[in-house]
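Report on the structure
Listed below, chain by chain, are the residues.
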Amino acid sequence: MAKINRDYTKLRSSYLFSDIAKKVAAYQSSNPSADIIRLGIGDVTRPLTPSVIEAMHKAVDEMADEKTFRGYAPDLGYDFLRSAIASHDYRKRGCDIADDEIFVSDGAKSDSGNIQEIFGKDNVVAVCDPVYPVYVDTNVMAGRAGEFAEDAGRWSDVVYMPCLEENGFAPMIPSGDRVPDIIYLCFPNNPTGATIVKSELQKWVDYANEHGSVIIYDAAYEAYISEDDVPHSIYECDGARTCAIELRSFSKNAGFTGVRLGFTVIPKDLKVEGVRLYDLWARRHGTKYNGAPYIIQRAGEAVYSDKGQEEIKGLVKYYMDNAAYILNGLKKAGLCVSGGVNAPYIWVKTPEGLSSWEYFDRLLTVANVVGTPGSGFGPSGEGYLRLTAFGNSERTKEAVDRIAGIVI
Ligand SMILES: *Cc1c(COP(=O)(O)O)cnc(C)c1O
């Protein structure tokens, strides 16, 4: 008789974004004329840029000709893309990363969920709280999270590192005897938009090297960094080659959420119990291929051309102009807001001590604006709401003016 994976049944049946969708649909059906503006979902809205589209058209034509047709892509990615990534994103920034330490994939969501497979089940996992839910969910499915305590909103075996107002929404280095084996860090952070400076990140790298921990560093929002002392990569820190894996994506900078492209960096110096994680991840890619098609890898290569880079700057500027409008508009209205400087996310403290969901309901029903309740990203997100800068700029301005109009 077949058996199921019991750990999958532990995942909670309600999923943040489906709960939101249900509430919005219910409100819209009882208020058909309401003009709802969505500042909730972390998806981009600007189209792919001309360089990317041109590269895709060209690659499609190559597929139509026997002489240039391509079948299965190489497991770890095409050399043209791995080399563009390594030289542009790393060596140009002074990071010592070789072309073949880049593993091309179909996006950072898959990689951030799958990477835990190369670690044993008995590792202690630490996460920023609040954070992108994929890290915890996939460790639940792998049997590393323990049991969920409904009242506390947390898993018994996960180490939560609170990111609170008093620390500028940065986690504290774990103290005490519960040393995490795998530490997920996400900077710039989704959902708070917070970052840490290089000297602070260096402390995490030192901690990991000292304790034999591995840092999984999610830099999906690297392109949004505007401040000089904020690192773009963990490999800007000394010693990161022996303790850190980095995840990147083409989704949030170049708008690839629908075409899918990302990559993971694993330096060959990173060993656990004497085994190179590089070899384990390469084996995984070879057997459970989650690579990207040739056409999409050519599209990714085009992002690194001079013209491609200019276009990407334009996309990021579009969203960051929205972020600035949200940040300034809500500040002026007397709300307590953060983020929005190195990330397309604005983290709003709920007024009058409302809970995340109460404030969500108020914005939906009074302003007809949809945000994302902070409590959906972890227990320390309670009392906050996330707004994203990924919308159309006219609609974003209108949403901000409406929210500002109802403050207290
Ligand atoms: C959006 C997002 C990703 C996923 O990126 P894809 O490449 O589209 O899968 C990964 N990490 C964080 C923190 C994100 O917000």
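Everything quoted here is computed from the prediction, not taken from an experiment. (Residues numbered from 1 in each chain as written. Predicted model: local features only at pLDDT ≥ 70, side-chain atom pairs only at ≥ 80, totals over all residues. Heavy atoms only, no water.)

Moving on to the overall build of the protein. The secondary structure content of the protein amounts to 13 helices and 17 strands. Its C-alpha radius of gyration of 21 Å places the protein within 12% of the 22 Å reference for a compact globule of 408 residues. When the backbone C-alpha atoms are referred to their principal axes, the protein occupies close to 60 × 55 × 55 Å. Residues counted as buried form 55% of the 408 residues belonging to the protein. At a minimum sequence separation of 6, the contacts of the protein that also span at least 24 residues come to 72%. As presented, the protein carries roughly 17,800 Å² of accessible surface, and 51% of it is formed by carbon and sulfur atoms. (Helix = DSSP H or I, 4+ residues; strand = E, 2+ residues; numbered from the N terminus. Rg over C-alpha atoms; globule rule 2.2 N^0.38 Å. Buried < 20%, exposed > 50% of the residue type's maximum accessible area, 1.4 Å probe, protein only. Contact = heavy atoms within 4.5 Å. Areas by Shrake-Rupley, 256 points an atom, 1.4 Å probe, with all protein chains shown as cover.)

As a matter of local geometry, the ligand sits amid 14 residues, with K109, Y221, S249, S251 and K252 nearest to it. Between the ligand and S249, the relevant distance is 2.6 Å, taken from an oxygen atom to a side-chain nitrogen or oxygen of the residue. Contact distances for the ligand include 2.5 Å between an oxygen atom and a side-chain N or O atom of S251. About the coverage of the ligand: the protein hides 94% of its 390 Å² of free accessible area. Only α5 (108–114) and α8 (251–254) provide two or more residues apiece to the shell around the ligand. Residue composition of the shell around the ligand, grouped by class: 6 nonpolar, 4 polar and 4 charged. (Near = heavy atom within 4 Å. Polar contact = N/O pair within 3.5 Å; in protein donor to acceptor, adjacent residues only side chain to side chain. Nonpolar A, V, L, I, M, F, W, Y, C, P; charged D, E, K, R; others polar.)

This brings us to the environment of F103. On the secondary structure map, F103 appears in strand β2 (residues 102–105). C-alpha separation for the pair F103 and F263, spaced 160 residues apart in sequence, amounts to 5.3 Å. When near neighbours in sequence (up to four residues on either side) are disregarded, F103 contacts L76, G262, F263, T264, I266, Y278, W281, A282 and H285.

The next point concerns the domain arrangement of the protein. Interface size is commonly expressed as the accessible area that is lost once the parts come together. Considered domain by domain, the protein is made up of domain 1 (6–47 + 308–407) and domain 2 (53–306). One C-alpha centre belongs to domain 1, the other to domain 2; they are set 25 Å apart. At the junction of the two partners, domain 1 supplies 36 residues and domain 2 supplies 49 residues. Overall, the association of domain 1 and domain 2 removes approximately 3,400 Å² of surface from exposure, summing both partners, and the carbon and sulfur fraction of that is 58%. For the pair domain 1 and domain 2, the interface holds 3 salt bridges. The interface formed by domain 1 and domain 2 contains 17 residue pairs in polar contact (both at pLDDT 80 or more). Contributing elements (two or more residues each) for the side of domain 1 that touches domain 2: α1 (6–10), α11 (306–332), β13 (337–339), β14 (345–349) and β17 (384–388). If one sorts the elements of the side of domain 1 that touches domain 2 by residue count, α11 sits on top with 8 residues. (Domains from an automatic or database assignment. Buried area = accessible area lost by both parts, 1.4 Å probe. Salt bridge = Lys/Arg side-chain N within 4 Å of Asp/Glu carboxyl O.)

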